[in-house]
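Chain by chain, the residues:
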Amino acid sequence: MITASRSEAAGHRSAARRRWAAWTVLLGLLMAGCGTRELPQSALNPAGPVARAQDELWDLVFWIAVGVFILVQGLILFAVFRFRDRGGDEIPKQVAGNTKLELMWTIIPALILVGIAVPTVQTIFELAQEPGEEALDVRVIGKQYWWGFEYLDEDQQGVITANELHIPTGRPVFLRMQALSATQPDPGFDAAPEIGQGVSNGVIHSFWVPRLAGKQDVVPGHTRTLTIQADEPGLYPGQCAEFCGLSHARMRFDVIAHEPAEFDQWIADQAEPAEAAEDGLAAEGEELFQSQQCIACHAIDGYEAAAGTAAEVRIGPNLTHFASRRTFAGGVFDVNDEAQLKAWLANPQAVKAGSQMPNLGLTDDQIDALTAYLYTLE
Ligand code: CUA
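Since this is a predicted model, take the numbers as computed values, not measurements.

Looking only at helices and strands, the chain features nine helices and 14 strands. The burial tally for the chain puts 38% of its 378 residues in the buried class. As presented, the chain carries roughly 21800 Å² of accessible surface, and 59% of it is formed by carbon and sulfur atoms.

Next up, the structure:
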């Protein structure tokens, strides 16, 4: 008796657990549907012509799929209820093969697939076209774990930035993208390393700004292209969408779209070389920046570095206008968070696992001075 009631209780408990699990899953699914049009990383909320073309294709395929789902599930439910066993039924007549039906269920799906394939192939070819002369040319470099952006047009005087891609609205931006190893110096755009040339090429990343375009893999030894365009000024968050190592999740970036005149002003500001620090602590930091090897990896335009002219050093992000950016360390930390910046300088791996920035064993005083200097780089 005792045994029976015990197992009964256990049965109730496991039934209750199953009910809870079912409710949790259902609630999770419901919550997943709670998106609003404000989501900054929704591909279903396109903000430019490239993303819109992809979204329109998605809509078409989605509604065709909805139609197929309703039709198939409807027929199944109809058959289940209409022809259910009411007791005493005889076994129905057995049939093997029905040419008419077989033709029907071959031809209809084939037509559906054609209906999806034609617009899909059209869109793929449309989007693969390189934009014309009016496009803004930018080189994108994927590294472990940050993004570099180099403005290639002649009038943009080689502006280089990191984790923040500024673009003008209403104009296509043609991205040519390469993956480079974390620690090798960049051989430059024209001498992109080929696989097997003795240059370690890094790993595959994927460039994704959901509201502006679909993903594009950035593959070592190749130059991949992607066109993006934004209609309205604004902030469009992006991220690496291909697992690339320990800090893959910390390889974010922002696309910031400006009105064209504002964009031109931004380029002009960025083209200015860094000014020498005046204040005592910052000047001390500037000196440390050069004596502590920082400059061997990070270019600051206007300085010569050990490894060549400063602009050619691209192991780490170019820091000429560090303080004008929103974030640092792969779009992860707020530039204005001084405590975070100091923690980063003190021990990069502790705040971002797998980071290639070395721990230089800096003292607190040195970190204070370097931080003061970095904040002068506006
Ligand atoms: Cu780069 Cu994931």
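Formed by 34 residues in total, the largest nonpolar core has its most connected members in Leu165, Leu175, Phe207 and Ile228. Of all the secondary-structure elements, those providing two or more residues to this core are β1 (136-143), β2 (146-151), β4 (164-168), β5 (173-179), β8 (224-228), β9 (234-240), β10 (252-258) and α4 (260-271). Of all the elements, β5 adds the most residues to this core, at four residues. When near neighbours in sequence (up to four residues on either side) are disregarded, leucine 175 contacts Val138, Val140, Leu165, Phe207, Arg224, Thr225, Leu226 and Ile228.

Let's shift gears to the packing of aromatic side chains. All chains considered together, the criterion is met by 15 aromatic pairs. Centroid distance phenylalanine 322 to phenylalanine 328: 6.1 Å. Interplanar angle 55°. Geometry classified as tilted. A residue is classified by how much of its surface remains accessible, and phenylalanine 328, at 4% relative accessible area, is buried. Three or more aromatic residues link up through ring pairs in this structure, and these residues are Trp147, Phe149, Phe207 and Phe253. Stacked on the ring of tryptophan 208, the Lys or Arg lysine 215 has its end atom at 4.6 Å from the ring centre.

On to the pattern of salt bridges, then. For the structure on display, the rule yields six salt bridges. For glutamate 150, the salt bridge is made with arginine 139, and the minimal N-O distance between the two is 3.3 Å. Highlighted residues: glutamate 150 in strand β2 and arginine 139 in strand β1, separated in sequence by eleven residues. Across this residue pair, the class does not change: glutamate 150 and arginine 139 are buried. With its nearest N and O atoms 3.2 Å apart, the salt bridge here joins glutamate 338 to lysine 342. One end of the pair is glutamate 338 and the other is lysine 342, both in helix α7 (residues 338-346) and four residues apart, which spans about a single turn. The exposure class assigned to lysine 342 is partly exposed, which follows from its relative accessible area of 25%.

With that settled, the discussion passes to α4. Between its terminal C-alpha atoms α4 stretches 16 Å, which fits the 16 Å expected from twelve residues at 1.5 Å a residue. For α4, the set of buried residues is Phe263, Trp266, Ile267 and Gln270. Down the axis, α4 shows its buried residues gathered within 100° of arc, on one side only. Tucked inside the fold, the buried residues of α4 contact β1, β2, β3 (160-162), β4 and β10.

Rules used throughout
Residues numbered from 1 in each chain as written. Predicted model: local features only at pLDDT ≥ 70, side-chain atom pairs only at ≥ 80, totals over all residues. Heavy atoms only, no water. Helix = DSSP H or I, 4+ residues; strand = E, 2+ residues; numbered from the N terminus. Buried < 20%, exposed > 50% of the residue type's maximum accessible area, 1.4 Å probe, protein only. Areas by Shrake-Rupley, 256 points an atom, 1.4 Å probe, with all protein chains shown as cover. Core = buried A, V, L, I, M, F, W, Y, C linked by side-chain atoms within 4.5 Å. Contact = heavy atoms within 4.5 Å. Phe/Tyr/Trp six-rings, centres within 6.5 Å; stacked < 30°, edge-to-face > 60°. Lys NZ or Arg CZ within 6 Å of the ring centre and 35° of its normal. Salt bridge = Lys/Arg side-chain N within 4 Å of Asp/Glu carboxyl O. Expected span 1.5 Å × (residues − 1). Arc of directions from axis to C-beta.

Honestly, it's all geometry; don't read function into it.
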